[in-house]
Amino acid sequence: MAVTASTPEQTATTPDAGATGASDGYQTVPALDVHQVGISTPPQAHATLLGWNLNPGSGVEQLRRMMRLLSDDAVRLAAGSPALADTEEELARFPSRLTVTFGFSPQLMARLLPRQRRPRLAELPTFGQDRLQEQWGQSDVIAQVCADDPITLAHARRMLTKDARAFASIAWTQHGFRNARGTVPDGTTMRNLMGQVDGTVNPSPDDADFDGLVWSDQEGFAGGTFLVLRRIRMQMDRWDRVDRAGREATIGRRLRDGAPLTGFSEFDEPDFEATDRFGFPVIDPASHVARAHSTDPAERFLRRAYNYAVEDPDRSTGEDAGLLFLAYCADPARQFVPVQQRLDEQDRLNEWVHAIGSAVYAIPPAARPDGYVGDVLLEEV
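Residues numbered from 1 in each chain as written. Predicted model: local features only at pLDDT ≥ 70, side-chain atom pairs only at ≥ 80, totals over all residues. Heavy atoms only, no water.

What about the side chain of R253?
So, step 1. Position of R253 among the secondary structure elements: in the loop between α6 (244-251) and α7 (288-292).
So, step 2. Here R253 sits buried without a salt bridge, and the closest side chain of opposite charge, E266, lies 6.3 Å off (N-O distance).
So, step 3. In this structure the side chain of R253 is engaged in a polar contact, spanning 2.8 Å, whose partner is the backbone oxygen of G258.
So, step 4. Among the polar contacts made by the side chain of R253, one reaches the main-chain carbonyl oxygen of E266 at a distance of 3.1 Å.
So, step 5. When neighbours within four sequence positions are excluded, R253 is seen to be in contact with T200, V201, E248, G258, A259, P260, L261, E266, P270 and V289. (Helix = DSSP H or I, 4+ residues; strand = E, 2+ residues; numbered from the N terminus. Buried < 20%, exposed > 50% of the residue type's maximum accessible area, 1.4 Å probe, protein only. Lys, Arg positive; Asp, Glu negative; His and termini not counted. Salt bridge = Lys/Arg side-chain N within 4 Å of Asp/Glu carboxyl O. Polar contact = N/O pair within 3.5 Å; in protein donor to acceptor, adjacent residues only side chain to side chain. Contact = heavy atoms within 4.5 Å.)

Shown next as structure tokens:
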């Protein structure tokens, strides 16, 4: 089944009657030849993560059919066209840089694919600071759906869940957000709900080593990557009691501009040897910055995080708030795990945050011509 956009007649690319001026809602993200979109793509304002579990007794053929259908939905919607059998086609009119990125769990691949066809991906080890909840655990399939407009995102989410219904059940839905587009200049590092500049040390597609850090070169999986997803709950009621100096000491960076306590701007290198007039380290060795730091350039990965906040009347703040931490890397065991183990062992921030969800996925390369996402793994089984 070819994955193609709808015909020009199906694509609504002109403003509504009475509308004037250009709209950012018509902006699209070009497809990539090798990689799926939504990874190196500049992050959009809104995200929904959809986790599915295949129906009992399902095999490779059911997964193929599901991925053909969902891949076609994704291409059409990202182009500003309605999906097949779209009953709310007007909601597809403004793609707003919509991207959909798919992935498979190691457990699903172990069930359905022979060993020689599976990319190497191990489950994450146990971390002592985690407080994992089953409702946010590993799913068989994931879709990361991102857009700058929440209505566009809601429509795409509905179409994907509706078309997957015959093959899989929803394990969870996780919603995230950043600043609305236009609020801050493009390229500004996001802030999390604790007020911290979050993600300063992040490789850029312009970096010489970006490809090696993010894209896999495994045979039969070249151009794919791996996603670590962590749902991190913040104890906001307790964080509210910490003064500004305490918050900055915990992180090792200034809240105002994200600069390290030894620097003047966000991207200055922290000086972990600097001491104050009493001889104490300016940056606490147990601070988040110090524990996350590595002298090994391979221990880096691409962060694509989103804030979350959902109503929770059982909490004193009235909501459960935190971070959807997404890390894309060529080798999670080599890149992500060592960093997380250091944070797990000793990080001052652990007093106020802990992971309540954790999962890992293989993110296949882009669909082959006239194919679908995952075809490189599923079509030769």
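Having put the structure on the table, let's press on.
Looking at the UniProt feature "domain: Dyp-type peroxidase N-terminal" (unreviewed entry) in the chain
So, step 1. UniProt marks residues 36-178 with the feature "domain: Dyp-type peroxidase N-terminal" (unreviewed entry), using the numbering shown here.
So, step 2. Secondary structure across residues 36-178 comprises 29% helix and 22% strand; the distance between its end C-alpha atoms is 21 Å. (UniProt positions renumbered as here; feature names shortened; annotations may be inferred.)

A few points about the environment of S169
So, step 1. Considering the arrangement of structural elements, one finds S169 in strand β4 (residues 168-177).
So, step 2. Distance from S169 to N53, taken between C-alpha atoms, is 5.5 Å for residues 116 residues apart in sequence.
So, step 3. Dropping the residues within four chain positions of it, S169 is found in contact with G51, W52, N53 and N55.

Considerations on the pairing of strand β9 (residues 353-363)
So, step 1. Of all 11 residues in β9, 11 are buried; the element is thus mostly enclosed.
So, step 2. Where strand β5 (residues 225-234) lies against β9, 10 bridges are found, and the strand directions are antiparallel. Bridge assignment links R231 to a residue of β9, and that residue is G357. (Pairing = 2+ DSSP bridges.)

Things to note about helix α1 (residues 60-78)
So, step 1. When the terminal C-alpha atoms of α1 are compared, their 26 Å separation across 19 residues agrees well with the 27 Å that a helix rising 1.5 Å per residue should span.
So, step 2. Among the 19 residues of α1, 14 are classified as buried, and the element is accordingly described as predominantly covered.
So, step 3. With its phi angle positive at about 85°, G80 sits one or two positions after the end of α1. (Expected span 1.5 Å × (residues − 1).)

Section: the packing of α1 against helix α3 (residues 150-164)
So, step 1. Taken N-terminus to C-terminus, the directions of α1 and α3 make an angle of 160°; their axes are 9 Å apart at the nearest point. In terms of axis orientation, α1 runs roughly antiparallel to α3. You can see that α1 and α3 cross each other, and the crossing is right-handed. Packed against α1, whose contacting residues are M66, L69, L70, D73 and L77, the element α3 presents H155, A156, M159, L160, D163 and A164 at the interface. (Axes fitted to C-alpha atoms, helices over the stretch in contact; angles between N-to-C directions. Parallel < 35°, antiparallel > 145°, perpendicular 65-115°, else oblique. Left-handed = near helix turned anticlockwise from the far one by under 90°.)

Here's the deal with the side chain of R233
So, step 1. By the element assignment, R233 lies in strand β5.
So, step 2. At a separation of 3.0 Å, a polar atom in the side chain of R233 contacts the side chain of D320.
So, step 3. Sequence-distant contacts of R233, defined by excluding residues within four places in its chain, comprise Q133, Y308, R315, D320, A321, G322, W352, V353, H354 and I356.

Examining the confidence of the model for the chain
So, step 1. Per-residue pLDDT for the chain averages 94, and the proportion of residues at 70 or more is 94%.
So, step 2. For the stretch residues 1-15, pLDDT sits under 50, and the model shows 35 contacts to residues farther than four places along the chain or on other chains. (pLDDT = per-residue confidence, 0-100.)

Digging into the UniProt feature "domain: Dyp-type peroxidase C-terminal" (unreviewed entry) in the chain
So, step 1. UniProt's feature table lists "domain: Dyp-type peroxidase C-terminal" (unreviewed entry) at residues 190-367, given in the numbering used throughout.
So, step 2. Helix makes up 20% of residues 190-367 and strand 22%, whereas the separation of the span's terminal C-alpha atoms amounts to 30 Å.

Topic: unusual backbone geometry
So, step 1. One non-glycine residue, A85, lies in positive phi territory at about 60°.
So, step 2. Here A85 shows up in the loop between α1 and β2 (99-104).
So, step 3. Unlike most non-glycine residues, R97 shows phi in positive territory, near 60°.

Side note on the packing of aromatic side chains
So, step 1. Counted according to the given criterion, the structure contains 6 aromatic pairs.
So, step 2. Between the aromatic rings of W239 and W352, the centroid separation amounts to 5.2 Å while the plane-to-plane angle is 75°, which identifies the pairing as edge-to-face. With W239 in helix α5 (residues 236-239) and W352 in the loop between α8 (332-345) and β9, this pair connects stretches of sequence that are 113 residues apart.
So, step 3. Taking the relative accessible area as the measure of exposure, W239 reaches 1% and is therefore buried.
So, step 4. Each residue in the set F301, F325 and F336 is aromatic and connected to the rest through ring pairs, giving one cluster.
So, step 5. In this structure, R178 is placed above the aromatic ring of Y306, and the distance from its NZ or CZ to the ring centre is 5.2 Å. (Phe/Tyr/Trp six-rings, centres within 6.5 Å; stacked < 30°, edge-to-face > 60°. Lys NZ or Arg CZ within 6 Å of the ring centre and 35° of its normal.)

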